[in-house]
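Fold and contact review
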Amino acid sequence: MENVIEAEDLTITYNGKVAVKNLTFKLKEGETLLLLGPNGAGKTTLLKVIAGIHSEYTGKITVLGKSPRESRGYVAYVPQTITLNSEIPLTVLEVVTMGGLYKEGIVHFNVPSEIVKKSLEVLGFLGIKNLANKPFRELSGGQKQRVIIARALMSDPKILLLDEPISALDPKAKATVTSTLSKIKEELNLTMIITTHDVNPLIEIGDKVMLINKKLVAFGSPEEVLRDEVISTIYGPSSKTVKVGERVYCIIGDVHLGGGKI
Ligand SMILES: Nc1ncnc2c1ncn2[C@@H]1O[C@H](COP(=O)(O)OP(=O)(O)OP(=O)(O)O)[C@@H](O)[C@H]1O
Ligand SMILES: [Mg+2]
């Protein structure tokens, strides 16, 4: 398996001020990385560099063997806060077709029928074709997140970056979005990076876990990273891991309440 993302001693800055430093890691094709860290740790910053939208860094980062900017067309980025003007009553289908139009780089006044067809296929793949004609703004948080993921898939990405896709959701919606991500992993074999404050719902789809706090704290398999002595360095002495069957779960005191709303 080929490495699709390689970072070596990557230090990312904003106007010369270090946000996150000394990141070294590799991610192989088809792997899913769960990216953890407290508020301000640098999670969103790292995703923006991989997506090719923030380029102030030193060290090395390659995405599909090229600079992140050169690979932009193969990377879909679902931001932490999704800003869709709720004054404009877009339907779900319109929101998803927008993903196909960006790829073509031109403004269409009439959406080509093949893009509409593909949008319906992607919605069908994610099991939400029934929402196609509903106004986006009237959907639940979990439904909105799945529509936004559908929009991201319209550009046929090789890498999918999701910034806190389950943060603002209730447990039931977390489970539906997680099963959507699981289906994408199984059937599309995309390489994914998912940032989260709550690793537990996603643990089953994580091949690798990275813990950052303005620098790399730990990177490896879930078993290697999710250990009491590792997570307690960041989340405090009361944070613990528990093993249930083959899986490791975290009990972390730090609950993230802001952000992630769509
Ligand atoms: N546009 C920006 N300009 C200057 N500094 C920034 C900018 N965006 C982020 N930072 C700084 O970079 C650091 C990392 O922020 P980042 O948003 O990546 O953290 P995060 O791990 O995603 O946090 P959260 O869990 O709150 O989303 C913080 O110190 C933040 O203040
Ligand atoms: Mg963030």
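The structure reproduced in this document is the subject of the present report. Quick caveat, the model's predicted, so the values are computed rather than measured.

1. Here we look at the sheet that holds strand E1 (residues 3–14)
Strand pairing in a sheet relies on backbone hydrogen bonds, with the paired strands running either antiparallel or parallel. Taken together, the three strands give an open sheet; going across it, the order is E2-E1-E4, and neighbouring strands pair in antiparallel fashion. Both outer strands of the open sheet, strand E2 (17–28) and strand E4 (57–63), are each paired with one neighbouring strand and no more. Across this sheet, the average inter-strand angle for adjacent strands is 15 degrees, counted without regard to direction. Where E1 meets E2, eight bridges bridge the pair, whose relative direction is antiparallel. By the bridge assignment, Tyr-14 is partnered in E2 with Lys-17. Against the sheet, helix H1 (residues 43–50) contacts E1, E2 and E4, and its axis sits at roughly 120 degrees relative to E1.

2. Side note on the pattern of salt bridges
One pass over the full model with this rule turns up seven salt bridges. Put simply, Asp-198 and Lys-174 hold a salt bridge, and the shortest N to O gap is 3.4 Å. A residue pair is termed long-range when its members are at least 10 positions apart, and Asp-198 in the loop between strand E7 (191–195) and strand E8 (208–212) and Lys-174 in helix H5 (residues 171–188) qualify at 24 residues. The buried category is assigned to Lys-174, whose relative accessible area is 15%.

3. Quick word on the pairing of strand E3 (residues 32–36)
Among the five residues that make up E3, five are buried, leaving the element largely enclosed by the rest of the structure. The side-chain alternation of E3 yields two buried faces, one formed by Thr-32, Leu-34 and Leu-36 and the other by Leu-33 and Leu-35. With four bridges joining them, E3 and E7 adopt parallel strand pairing. Note that in E7 the partner of Thr-32 across the bridge is Met-192. Note: E3 against E8, four bridges, orientation parallel. Directly across from Leu-36, in E8, lies its bridge partner Leu-211.

About the cut-offs
Residues numbered from 1 in each chain as written. Chains lettered and ligands numbered in written order. Predicted model: local features only at pLDDT ≥ 70, side-chain atom pairs only at ≥ 80, totals over all residues. Heavy atoms only, no water. Pairing = 2+ DSSP bridges. Helix = DSSP H or I, 4+ residues; strand = E, 2+ residues; numbered from the N terminus. Axes fitted to C-alpha atoms, helices over the stretch in contact; angles between N-to-C directions. Contact = heavy atoms within 4.5 Å. Salt bridge = Lys/Arg side-chain N within 4 Å of Asp/Glu carboxyl O. Buried < 20%, exposed > 50% of the residue type's maximum accessible area, 1.4 Å probe, protein only.

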